[in-house]
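Here's the letter readout for the chains.
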Amino acid sequence: MKRGTMKMLSLLFGFSLLAGCATPGTNVSVGYTPFVNATGGSGELYLVQDVTPQVGQKALWIIGAALNSDGEKECDLLLATMPAELISGILADELTSAGYLVKQSKSMPEQPAKVVRLSLVKLSLEEKLSLLNLKLDGTASVAVGLELWNKGARLQSFDYRASFSDSDFKEGELLGSFILKNSIRDVMKQAVPDIVRSLEKK
């Protein structure tokens, strides 16, 4: 096959892969269900999410971009909700599954209680068309910081990082959802057992 024909086919294939990029971007949904299967939690727990939005974030939360084979941005990758709210909801579900009666809050409770406070949430997602294998290459990264409190005293803090990469022929929103969900799972596998262990320590 002639080089010019091959290049044209590659470009057409690339355009079809990135066809999901409509202005202003592609929405990435994370269909997450409790995954860790932790046990041992007991009683009431306050999950405090008071992380402020990062500078430059908008009503549709931009977490990354889809790039063409030249590294040029084709469209933004978006969440319909603030990243901290997404992680807070997922963590609430995991802690409920672990045995806690979770109450979500925007501020620290006045009464002494078991508290998990989100101190940091950062999500990033990038997809790039590879003409080498005619696939989309994607990488998602998640960073989460937690503070644990009990009976009015701060116990300790944790920082978690995870990233996940994969390639696929599918449209960007499907690949993005898959790799972002797996990155979040890796963080939850670390965080939920740490929370239960620290709060239930006798």
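**Q** Describe the overall build of the protein, listing the residues and the values that go with them.
**A** Of regular secondary structure, the protein possesses 3 helices and 8 strands. When burial is assessed residue by residue, the protein has 45% of its 202 residues classed as buried. Residue pairs at least 24 apart in sequence account for 72% of intrachain contacts in the protein once pairs closer than 6 positions are excluded. When the accessible surface of the protein is split by element, carbon and sulfur atoms take 53% of a total near 10,600 Å².

**Q** I'd like a description of the nonpolar core, backed by residues and values.
**A** One finds L91, L95, V116, L146, L180, I184 and M188 to be the most contacted residues of the largest nonpolar core, which totals 51 residues. Counting residues per element, this core draws most heavily on helix α3 (residues 172-199), which supplies 11 residues. What L91 contacts, discounting residues up to four positions off in sequence, is L47, V116, L118, L146, M188, V192 and I195.

**Q** Account for the packing of aromatic side chains, naming residues and giving values.
**A** When we look at a pair of aromatic rings, we describe it by the centre distance and by the angle of the planes. By the definition in use, this model includes 2 aromatic pairs. Judged by centre distance (5.8 Å) and plane angle (20°), the ring pair of F158 and Y160 falls under stacked. On the accessibility criterion, F158 (16% relative accessible area) is buried. Ring geometry for F164 and F178: centres 5.8 Å apart, planes at 80°, overall edge-to-face. Of this pair, F164 sits in strand β8 (residues 153-168) while F178 sits in helix α3, and the two are 14 residues apart along the sequence. For F178, a relative accessible area of 37% translates into the label partly exposed.

**Q** Which residues make up the pattern of salt bridges, and what values do they have?
**A** For the structure shown, the criterion picks out 9 salt bridges. A salt bridge links E200 to K114, with the shortest nitrogen-to-oxygen separation between them at 2.8 Å. You can see E200 sitting in the segment after α3 and its partner K114 sitting in strand β6 (residues 114-130), a full 86 residues away along the chain. Across the salt bridge formed by R197 and D194, the nearest N and O atoms sit 2.7 Å from each other. Of the two residues, R197 and D194 both sit in helix α3, 3 residues apart, roughly one turn of that helix. Given the relative accessible area of 52%, R197 is considered exposed.

**Q** Which residues make up the pairing of β6, and what values go with them?
**A** As judged from the 5 bridges shared by strand β2 (residues 44-49) and β6, these two strands associate in the parallel manner. Opposite L45, over in β6, you have K114 as the bridge partner. Strand direction decides the pairing type here: strand β3 (residues 61-67) and β6, joined by 4 bridges, are parallel. By the bridge assignment for β6, A66 is matched with E127.

**Q** Break down the environment of E127 for me, citing the residues and quoting the values.
**A** Here E127 is to be found in strand β6. Sequence separation of E127 and D166 is 39 residues, and the distance between their C-alpha atoms is 9.6 Å.

Here is what the cut-offs are and how they apply
Residues numbered from 1 in each chain as written. Predicted model: local features only at pLDDT ≥ 70, side-chain atom pairs only at ≥ 80, totals over all residues. Heavy atoms only, no water. Helix = DSSP H or I, 4+ residues; strand = E, 2+ residues; numbered from the N terminus. Buried < 20%, exposed > 50% of the residue type's maximum accessible area, 1.4 Å probe, protein only. Contact = heavy atoms within 4.5 Å. Areas by Shrake-Rupley, 256 points an atom, 1.4 Å probe, with all protein chains shown as cover. Core = buried A, V, L, I, M, F, W, Y, C linked by side-chain atoms within 4.5 Å. Phe/Tyr/Trp six-rings, centres within 6.5 Å; stacked < 30°, edge-to-face > 60°. Salt bridge = Lys/Arg side-chain N within 4 Å of Asp/Glu carboxyl O. Pairing = 2+ DSSP bridges.

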